[in-house]
Amino acid sequence: MLMSLNGKIVYLLAEELYEEMELWYPYYRLLEEGAKVTLIGSGSATKYTGKTGAYPVKVDGKAADFSGDRCDILIIPGGYAPDKMRRYPEMVRLVREAFAAGKIVAAICHGPSMLCSADVVRGKQVTGSPAIQVDLVNAGGEYLDVEVVVDGRLITSRRPDDLPAFCRAIIHAV
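Residues numbered from 1 in each chain as written. Predicted model: local features only at pLDDT ≥ 70, side-chain atom pairs only at ≥ 80, totals over all residues. Heavy atoms only, no water.

A. Seen up close, the nonpolar core. Leu-13 and Leu-74 are the most contacted members of the largest nonpolar core, which has 57 residues in total. The leading source of residues in this core is helix 6 (residues 163-173), at 6 residues. Once residues within four sequence positions are removed from consideration, Leu-13 is found in contact with Leu-23, Ile-40, Leu-74, Ile-75, Ile-76, Pro-77, Met-85, Met-91, Leu-94, Val-95 and Met-114. (Core = buried A, V, L, I, M, F, W, Y, C linked by side-chain atoms within 4.5 Å. Buried < 20%, exposed > 50% of the residue type's maximum accessible area, 1.4 Å probe, protein only. Helix = DSSP H or I, 4+ residues; strand = E, 2+ residues; numbered from the N terminus. Contact = heavy atoms within 4.5 Å.)

This is the structure:
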């Protein structure tokens, strides 16, 4: 079986109260495609609990130890985690570096709020949870209410129901 992401490095961000589906679905889907998925936390813990508490995630390291230009894809899941992530300058730096290096940066649900903090939304078409629509627009983005938006190397989606389209867009972008 041909695995389209063989040799590709994915950084998947994690923090307390992440949306389980939005972390684990891309994690397993991209592993299935042959990618090496690295789970990265803020450094506040080595293990983070999702919104339901059912699927804790043990991270491989903290954001301060990674460089955005060393991955092929960076993914930001939603839930309440992005609001916590954006409080850590090293998490924001990692997103900004990956974007500046021309890497694929993908965010779903509340994940695009990290894109606002990293100042990478300006002039881009984006989507996300309707709850952060105003944030995305105020950060200079054009908000579209569709399941997935691809603007160059930036990929965004709205909610867990959009995960199949979100993951297809990520895989196709590589």
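Now that the structure has been shown, the text picks up again.
B. Examining the pairing of strand 7 (residues 104-108) more closely. Taking burial as the measure, the 5 residues of strand 7 include 5 buried ones, the bulk of the element. Bridge count between strand 6 (residues 73-76) and strand 7: 4 bridges; the pairing is parallel. Across the sheet, the residue bridging to Leu-74 is Val-105, located in strand 7. Pairing of strand 7 with strand 11 (residues 154-157) involves 4 bridges; the strand directions are parallel. (Pairing = 2+ DSSP bridges.)

C. Representation of the packing of helix 1 (residues 20-32) against helix 6. For the pair helix 1 and helix 6, the least separation of the axes is 10 Å and the interaxial angle reads 45°. The orientation of helix 1 relative to helix 6 falls into the category oblique. Read as a crossing pair, helix 1 and helix 6 show a hand that is right-handed. Residue-level contacts link Met-21, Glu-22, Tyr-25, Pro-26, Arg-29 and Leu-30 of helix 1 to Leu-163, Pro-164, Phe-166, Cys-167, Ile-170 and Ile-171 of helix 6. Here the residues of the contact of helix 1 with helix 6 are counted per class, giving 10 nonpolar, no polar and 2 charged. (Axes fitted to C-alpha atoms, helices over the stretch in contact; angles between N-to-C directions. Parallel < 35°, antiparallel > 145°, perpendicular 65-115°, else oblique. Left-handed = near helix turned anticlockwise from the far one by under 90°. Nonpolar A, V, L, I, M, F, W, Y, C, P; charged D, E, K, R; others polar.)

D. Quick look at the sheet that holds strand 7. Ordered by their spatial adjacency, 7 strands build an open sheet running 5-2-1-6-7-11-10, and the pairing between neighbours is mixed. Every interior strand has two partners, whereas the edge strands, strand 5 (61-62) and strand 10 (148-151), have only one. Strands in contact with helix 6 are strand 6, strand 7, strand 10 and strand 11; relative to strand 7, the strand with the most contacts, it is inclined by about 175°.

E. Expanded view of the pattern of salt bridges. Scanning all chains against the criterion turns up 10 salt bridges. With its nearest N and O atoms 2.9 Å apart, the salt bridge here joins Arg-87 to Asp-83. Through salt bridges with shared partners, one network takes in Arg-29, Glu-32 and Glu-33. (Salt bridge = Lys/Arg side-chain N within 4 Å of Asp/Glu carboxyl O.)

F. Up close: helix 3 (residues 89-100). Its 12 residues place the ends of helix 3 16 Å apart at the C-alpha level, agreeing with the 16 Å of an ideal helix rising 1.5 Å per residue. Buried within helix 3 are the following residues: Met-91, Val-92, Arg-93, Leu-94, Val-95 and Ala-98. For helix 3, the secondary structure elements touched by its buried residues are strand 1 (9-13), strand 2 (36-41), strand 6, helix 2 (81-85), strand 7 and helix 4 (112-117). Of the residues trailing helix 3, Gly-102 is marked for its positive phi of about 80°. (Expected span 1.5 Å × (residues − 1).)

G. Representation of the packing of aromatic side chains in the model. Evaluated as defined, the whole model comprises 4 aromatic pairs. Summarising the aromatic geometry, the rings of Trp-24 and Tyr-27 are spaced 5.3 Å apart at their centres and angled 85° between planes, so their arrangement reads as edge-to-face. Placement of both Trp-24 and Tyr-27 in helix 1 is noted, with a separation of 3 residues, approximately one turn of the helix. For Trp-24, a relative accessible area of 18% puts it in the buried group. Measuring from ring centre to ring centre gives 5.8 Å for Trp-24 and Tyr-28, while their planes differ by 25°; the resulting arrangement is stacked. Note that Trp-24 and Tyr-28 are positioned in helix 1 at a spacing of 4 residues, about one turn of the helix. Each member of the aromatic cluster is reached from another via a ring pair, and the members are Trp-24, Tyr-27 and Tyr-28. Stacked on the ring of Tyr-80, the Lys or Arg Lys-51 has its end atom at 5.2 Å from the ring centre. (Phe/Tyr/Trp six-rings, centres within 6.5 Å; stacked < 30°, edge-to-face > 60°. Lys NZ or Arg CZ within 6 Å of the ring centre and 35° of its normal.)

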